[in-house]
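# Secondary and tertiary structure notes
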Amino acid sequence: MRALFGVLRVVAAAAVIVAIVGQFVVSWSMVEDRAAFVVNFFSFFTILSNALTALVMLVGAWLAIARPADPPWFDLVRACATTYMATTFVVYNLLLREISLDQATTVPWSNEILHVWAPLYVVADWVLAPGRHRIPWQRLWTIALFPLAWAVYSLVRGGLIGWYPYPFLNPAQPAGYGGVAVYVIAIAAFILLVGAGVLALSRTPWPHAAPMPAGAESVREHEAQASGPGR
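Residues numbered from 1 in each chain as written. Predicted model: local features only at pLDDT ≥ 70, side-chain atom pairs only at ≥ 80, totals over all residues. Heavy atoms only, no water.

The secondary structure content of the chain amounts to eight helices and zero strands. Ordered by position from the N terminus, the helices and strands of the chain form the series α-α-α-α-α-α-α-α. Within the chain, the proportion of its 231 residues that are buried is 44%. Summarising the internal contacts of the chain: among those between residues at least 6 apart in sequence, 79% fall at separations of at least 24. (Helix = DSSP H or I, 4+ residues; strand = E, 2+ residues; numbered from the N terminus. Buried < 20%, exposed > 50% of the residue type's maximum accessible area, 1.4 Å probe, protein only. Contact = heavy atoms within 4.5 Å.)

Quick look at the structure:
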């Protein structure tokens, strides 16, 4: 079963890479300031989350074929990628589907892979693929670090150059900085909610829980005793 998911992960990674390259090449051919375009292109959360996903899927494919279970560090990285891709899916389809973003032109097939099909596969992979371990609840804040850093980067850079990757980050909108704050807080809360769901799924035995590494169970028990009943 793990070998099957290894193959599926290679296919998913290839699709994501082709979609990113396809959008990049078409946009590159249409812009004048190519240096600014490259930085702007890799400032979109969609591109960053999909690039991370492609890397995670390739590493996951190798682990699925070479090892009976995933190492705990990979479980956490994969949980992060799953959360970001689920967020990309929801934010795009609720807020951005009918909006043209500043990337010269949108390549329809690439757009659908990056915003719909890749996120759906990553979530399905998290739910169905065997070999993951339980992730402690306190790791939820680790999942939130990258989106927080990206939001700060986008707002600071946008304030300096007057360009924002998404309309809801632009304080020039009618609601101003207040509207930006509402969107950022709402998306941050959603990321934490999705991350909590991803961690909850990691703690269920279905479909196939990975065997705990030697000595890990005693470490878990020690952590539980140290953190008290509120853990």
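The next point concerns the packing of aromatic side chains. To describe a pair of aromatic rings, one takes the distance between the centres and the angle between the planes. Under the counting rule described, the total for this entry stands at 17 aromatic pairs. Ring plane angle 80° and centroid distance 5.2 Å describe the contact between Phe24 and Phe41, whose orientation is recorded as edge-to-face. Within this pair, whereas Phe24 is found in helix H1 (residues 2-28), its partner Phe41 is found in helix H2 (residues 34-41), the two being separated by 17 residues in sequence. These aromatic residues form a ring-pair network of at least three members: Phe44, Phe45, Tyr84, Phe146, Trp150, Trp163, Tyr166, Phe168 and Tyr183. Just above the ring of Trp126 sits the side chain of Arg132; from NZ or CZ to the centre is 5.7 Å. (Phe/Tyr/Trp six-rings, centres within 6.5 Å; stacked < 30°, edge-to-face > 60°. Lys NZ or Arg CZ within 6 Å of the ring centre and 35° of its normal.)

Attention now goes to the packing of helix H4 (residues 72-96) against helix H6 (residues 140-161). As a packed pair, H4 and H6 sit with axes 9 Å apart at the nearest point and diverge in direction by 50°. For the element pair H4 / H6, the angle class is oblique. Considering the relative orientation of H4 and H6, their crossing is right-handed. Contacts between H4 and H6 involve Leu76, Ala79, Cys80, Thr83 and Tyr84 on the former and, on the latter, Thr142, Ile143, Phe146 and Pro147. Here the contact of H4 with H6 is composed, by residue class, of seven nonpolar, two polar and no charged. (Axes fitted to C-alpha atoms, helices over the stretch in contact; angles between N-to-C directions. Parallel < 35°, antiparallel > 145°, perpendicular 65-115°, else oblique. Left-handed = near helix turned anticlockwise from the far one by under 90°. Nonpolar A, V, L, I, M, F, W, Y, C, P; charged D, E, K, R; others polar.)

Another aspect to go through is the side chain of Thr83. Looking at the element boundaries, Thr83 is found in helix H4. Not counting residues up to four positions away in its chain, the partners in contact with Thr83 are Ile143, Ile191, Val194, Gly195 and Val198.

With that settled, the discussion passes to the nonpolar core. By size, the foremost hydrophobic cluster in this structure holds 47 residues, and its most contacted members are Ala79, Tyr166 and Phe168. For this core, the secondary structure elements donating two or more residues are H1, H2, helix H3 (45-66), H4, helix H5 (108-128), H6 and helix H7 (176-202). For this core, the element with the highest residue contribution is H4, accounting for 11 residues. (Core = buried A, V, L, I, M, F, W, Y, C linked by side-chain atoms within 4.5 Å.)

A word on the packing of H3 against H4. Their axes nearest at 9 Å, the elements H3 and H4 cross at an angle of 145°. Our pair here, H3 against H4, has a crossing hand that is left-handed. Counted together, Phe45, Thr46, Ser49, Asn50, Leu52, Thr53, Val56, Val59, Gly60 and Leu63 of H3 and Trp73, Phe74, Val77, Arg78, Ala81, Tyr84, Met85 and Thr88 of H4 form the full contact between these two elements. Of the residues belonging to the contact of H3 with H4, the class tally is 11 nonpolar, six polar and one charged.

With that settled, the discussion passes to the pattern of salt bridges. Any two side chains of opposite charge can pair, so long as their charged atoms come close to each other. Within this structure, the stated rule accounts for four salt bridges. In this structure, Arg9 engages Asp125 in a salt bridge whose closest nitrogen and oxygen atoms are separated by 3.0 Å. Here Arg9, found in helix H1, pairs with Asp125, found in helix H5; they are 116 residues apart in sequence, far enough to count as distant. Judged by relative accessible area, Arg9 falls into the buried class, the value being 1%. Overall, the relative accessible area of 1% leaves Asp125 in the buried class. The network of salt bridges with shared partners includes Arg2, Arg9, Asp70, Arg78 and Asp125. (Salt bridge = Lys/Arg side-chain N within 4 Å of Asp/Glu carboxyl O.)

A separate point is H2. Of the positions making up H2, those classed as buried are Phe37, Asn40 and Phe41. In an axial view of H2, the angular spread of the buried residues amounts to 95°, which keeps them on one side of the axis. (Arc of directions from axis to C-beta.)

Attention now moves to the confidence of the model for the chain. Overall, the predicted model of the chain reaches an average pLDDT of 88, with 87% of residues at or above 70. Considering each helix and strand of the chain separately, the mean pLDDT is smallest for helix H8 (residues 216-227), with a value of 46, and largest for H3, with 97. Below pLDDT 50 for its whole length, residues 217-225 participates in six contacts with residues either more than four positions away or in separate chains. Low pLDDT, under 50, characterises residues 227-231; the stretch is placed with four contacts to residues that sit more than four places away or in other chains. (pLDDT = per-residue confidence, 0-100.)

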